[in-house]
Structures are given as structure tokens and as C-alpha cells.
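# Fold and contact review
Residue strings, one per chain:
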Amino acid sequence: MNNLKKWLETVRIGWSMVTAYRLNFILLIIGPALVFYFIKVSLWSSIYQNDTELINGYNLSQMLEYHAWALIVVLMAQSSNGVNLGEDIRYGRMSKYLIYPFNFWEFHTANFISFQSIQFIISIFTLFILSQIDLLSLPSFSHLMIAFAYTSLVGIFWFSVQYTTGLLAFWLEETWTMRVMFQLLVNFLSGAIIPISFFPIWSQDILKYTPFPSLTFTPVNLFMGNLQGLEQGLLTITISILAMFAINTFIWRRGLFTAAGM
């Protein structure tokens, strides 16, 4: 019970830190929908000559819906980063977690849960706005719940990767370059920029054995009512989460004994 209280209190503190500056929080809520409308809608509207034109099987409405759902997936699952985690190691703040009853991974995982709950609210608001301006249509309730559940798994995997990046601060002075490189790689290979079906067949065959399609392309298809690829995606994302857990445990143990941070 006491440990549960620590988790809940850490989550509450995380909420208060994000919502402390009201204007910033309001911009976090309305910003994604506004940026999407003025950039993505303008970009793809200029590429397509009319709504009936097809590009690799997508007309303008379908392409905008794909990117609208991609935005929801990114907001829900790919917004966390390991900045604070890396700083705790670099500046020696991690030492306190070695004697606290609430250890290092528990604290940062609780912060992740706090952040994700706020991102979920932002995602729902963005989803409501985009649906009201007819940029996307909601699937059936069962498909929507499946997509939400799957996207939550993607969020756990993304956090585990960011956790790994943060742990590299045991040996690297700055980890932001690793985060940026991985973010760019994911944006391209996961289908966040263009659908993976636009890629050459040989690259699609390679990517299906990696976690990348599972991060954006698969959940977007689930939100659009297409359950094809769900089993493959679940298997891939589950194995990836377990693998990242093992890697993080290994790095943490090696880091404690081979590096001390700053």
C-alpha cells in the first residue's frame, strides 16, 4: 500500500509540473491540431490535384485521414523522451535513488505514466477537433478500443527505448543526438511521414521483421478499421518490449559499476 502511495504521489507531482503554467498547457492541447491543419493539410492539398486523384491507392481524403491518425498515435505513444533521466545520471542526481525506498526506474516510470495520462487527454481533444472538421472518421467501438490498447503498448516500447537512451548518459556527455537520430529514423521507417505501402517491396519485406511498422503504420491502420497485421504487430511489439527490458537491466547494472556520471 505504501509503495502504491509513492507511485500515485509521483504521478500527481508530474501532473502539477506539466499544468503549472496554464498558457503552456493550453498550447499543448490546441497546438497539435492547429499545426496539423496548417502544415499537413496544406502540404497534401498542394500535392493532390483533386480529391479523386489516387497516389499509390490513396486519394486526398484517405491520405489526410492517415496522417490525422498518425498524429494521434504520435501524441499517445511517441511523445516521451529521456531528457530528465539522462540529466539525473550526468549530474549525479541518480545517487539519491540508490538509498531512497522509491528507486530510479520506479520514479521515472511513474513520471512516464503521469505524462502519458496527460498526452491521452491531449490526444482525445485533438481527435475530437479533427473529427469535427471531417479529417478523420471514427471506426467501430471495438476497433477503437483495440487500437487504443495496441497504441498503449507502443507507448511502453517507446518509453523503454527512451529509457535506454537516457542510460547511455553513464558513458556519453550528451544523449540528445541519440534521441534525435532515433526519432528521425522512426519518423521515416515507421510510416509517420508516408505510409509504408509507398516503400519499395523489398524494403517492406525487410521492415516487417523490425519494430518500426508497429510504431505508426500498424496502429494507424487499426484506427482506420483495418485489423490486418494486428497479430504480427502484437508479436513484434511484445518481443521488442521484453528485449528492451533485458537491455535496460544490463545497461543499468554495467553503468553502476563502470561509470559514475558527472
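Residues numbered from 1 in each chain as written. Predicted model: local features only at pLDDT ≥ 70, side-chain atom pairs only at ≥ 80, totals over all residues. Heavy atoms only, no water.

## A closer look at the overall build of the chain
- Counting secondary structure elements, the chain contains 11 helices and 0 strands.
- From first element to last, N terminus to C terminus, the chain shows the α and β order α-α-α-α-α-α-α-α-α-α-α.
- What you see for the chain is a C-alpha radius of gyration of 20 Å, in line with the 18 Å of a compact globule of 262 residues.
- Along the first, second and third principal axes, the C-alpha atoms of the chain reach 65 × 45 × 35 Å.
- For the chain, the residues scored as buried account for 45% of the 262 residues in total.
- Counting only contacts in the chain whose residues sit at least 6 apart along the sequence, the fraction spanning at least 24 positions is 76%.
- Summing over all exposed atoms, the chain offers an accessible surface of approximately 14200 Å²; the carbon and sulfur share of this is 69%.
- Distance between charge centres in the chain, computed from 12 positive and 12 negative side chains, equals 15 Å. (Helix = DSSP H or I, 4+ residues; strand = E, 2+ residues; numbered from the N terminus. Rg over C-alpha atoms; globule rule 2.2 N^0.38 Å. Buried < 20%, exposed > 50% of the residue type's maximum accessible area, 1.4 Å probe, protein only. Contact = heavy atoms within 4.5 Å. Areas by Shrake-Rupley, 256 points an atom, 1.4 Å probe, with all protein chains shown as cover. Lys, Arg positive; Asp, Glu negative; His and termini not counted. Charge placed at Lys NZ, Arg CZ, Asp CG, Glu CD.)

## Let's talk about the packing of aromatic side chains
- On inspection of all chains with the given rule, the structure shows 15 aromatic pairs.
- Among the aromatic residues, those joined into a ring-pair cluster are F104, F112, F159, Y163, F170, W171 and W252. (Phe/Tyr/Trp six-rings, centres within 6.5 Å; stacked < 30°, edge-to-face > 60°.)

## Section: the nonpolar core
- Of all hydrophobic cores here, the largest spans 50 residues; its most connected members are F36, W69, L130, F157, F223 and I237.
- Sorting the residues of this core by element identifies α2 (22–47), α3 (60–77), α5 (104–132), α6 (141–167), α7 (176–189), α9 (212–215), α10 (217–223) and α11 (230–258) as the ones contributing at least two each.
- With 13 residues, the single largest contributor to this core is α3.
- Ranked by size, the runner-up nonpolar core spans 12 residues in total, among them F104, Y163, A169 and W252. (Core = buried A, V, L, I, M, F, W, Y, C linked by side-chain atoms within 4.5 Å.)

## As for α7
- End to end, α7 covers 20 Å across 14 residues, agreeing with the expected 20 Å (1.5 Å per residue, within 8%).
- In the segment just after α7, G191 is the residue with positive phi, at about 95°. (Expected span 1.5 Å × (residues − 1).)

## Section: the packing of α2 against α5
- Contact pair α2 / α5: the axes reach a minimum separation of 9 Å and the direction vectors enclose 40°. As the angle between them shows, α2 and α5 are arranged oblique. As α2 runs across α5, the sense of the crossing is right-handed. Facing F25, L28, I29, I30, P32, A33 and F36 of α2, the residues of α5 in contact are I118, I122, F125, T126, I129 and L130.
- Its residues assigned to classes, the contact of α2 with α5 shows 12 nonpolar, 1 polar and no charged. (Axes fitted to C-alpha atoms, helices over the stretch in contact; angles between N-to-C directions. Parallel < 35°, antiparallel > 145°, perpendicular 65-115°, else oblique. Left-handed = near helix turned anticlockwise from the far one by under 90°. Nonpolar A, V, L, I, M, F, W, Y, C, P; charged D, E, K, R; others polar.)

## As for the packing of α3 against α5
- Relative to each other, α3 and α5 sit at 165°, their axes nearing to 8 Å. When the axes of α3 and α5 are compared, the pair comes out roughly antiparallel. Pair α3 / α5 crosses with right-handed handedness. Where α3 approaches α5, its residues A68, W69, L71, I72, L75, M76 and A77 are matched on the opposing element by Q116, Q119, F120, I122, S123, T126, L127 and L130.

## Observations regarding the confidence of the model for the chain
- With 94% of its residues at a pLDDT of 70 or more, the chain has an overall mean of 84.
- Confidence, expressed as mean pLDDT per element, reaches its minimum in the chain at helix α4 (residues 83–90) with 73 and its maximum at α10 with 94. (pLDDT = per-residue confidence, 0-100.)

## Examining α5
- In this model α5 runs 42 Å from its N-terminal to its C-terminal C-alpha over 29 residues, within 8% of the 42 Å that 1.5 Å per residue would give.
- Two residues or fewer past α5, D134 is found with a positive phi of approximately 60°.

## What to know about a nonpolar patch on the surface
- Nonpolar side chains collect at one region of the surface, where L23, I26, L27, I30, L34, V35, Y37, F38, I39, F125 and I133 lie side by side and expose about 1000 Å² of accessible area between them.
- Here the element with the most residues in the nonpolar patch is α2; it accounts for 9 residues.
- Relative to the helices and strands, L23 is located in helix α2.
- Using a relative accessible area of 61% as the deciding quantity, one classes L23 as exposed. (Patch = residues over 30% accessible without salt bridge, like charges linked within 9 Å, V, L, I, M, F, W, Y side chains within 5 Å. Salt bridge = Lys/Arg side-chain N within 4 Å of Asp/Glu carboxyl O.)

## A word on the side chain of S190
- With respect to the secondary-structure elements, S190 resides in the loop between α7 and α8 (201–207).
- A polar contact is formed between the side chain of S190 and the side chain of T216, at a distance of 2.9 Å.
- Not counting residues up to four positions away in its chain, the partners in contact with S190 are I196, F212, P213, L215, T216 and F217. (Polar contact = N/O pair within 3.5 Å; in protein donor to acceptor, adjacent residues only side chain to side chain.)

## Description of the environment of G225
- When you line up the elements, G225 lands in the loop between α10 and α11.
- Distance from G225 to Y66, taken between C-alpha atoms, is 11 Å for residues 159 residues apart in sequence.
- Apart from residues no more than four positions distant in its own chain, G225 is found in contact with P139 and H143.

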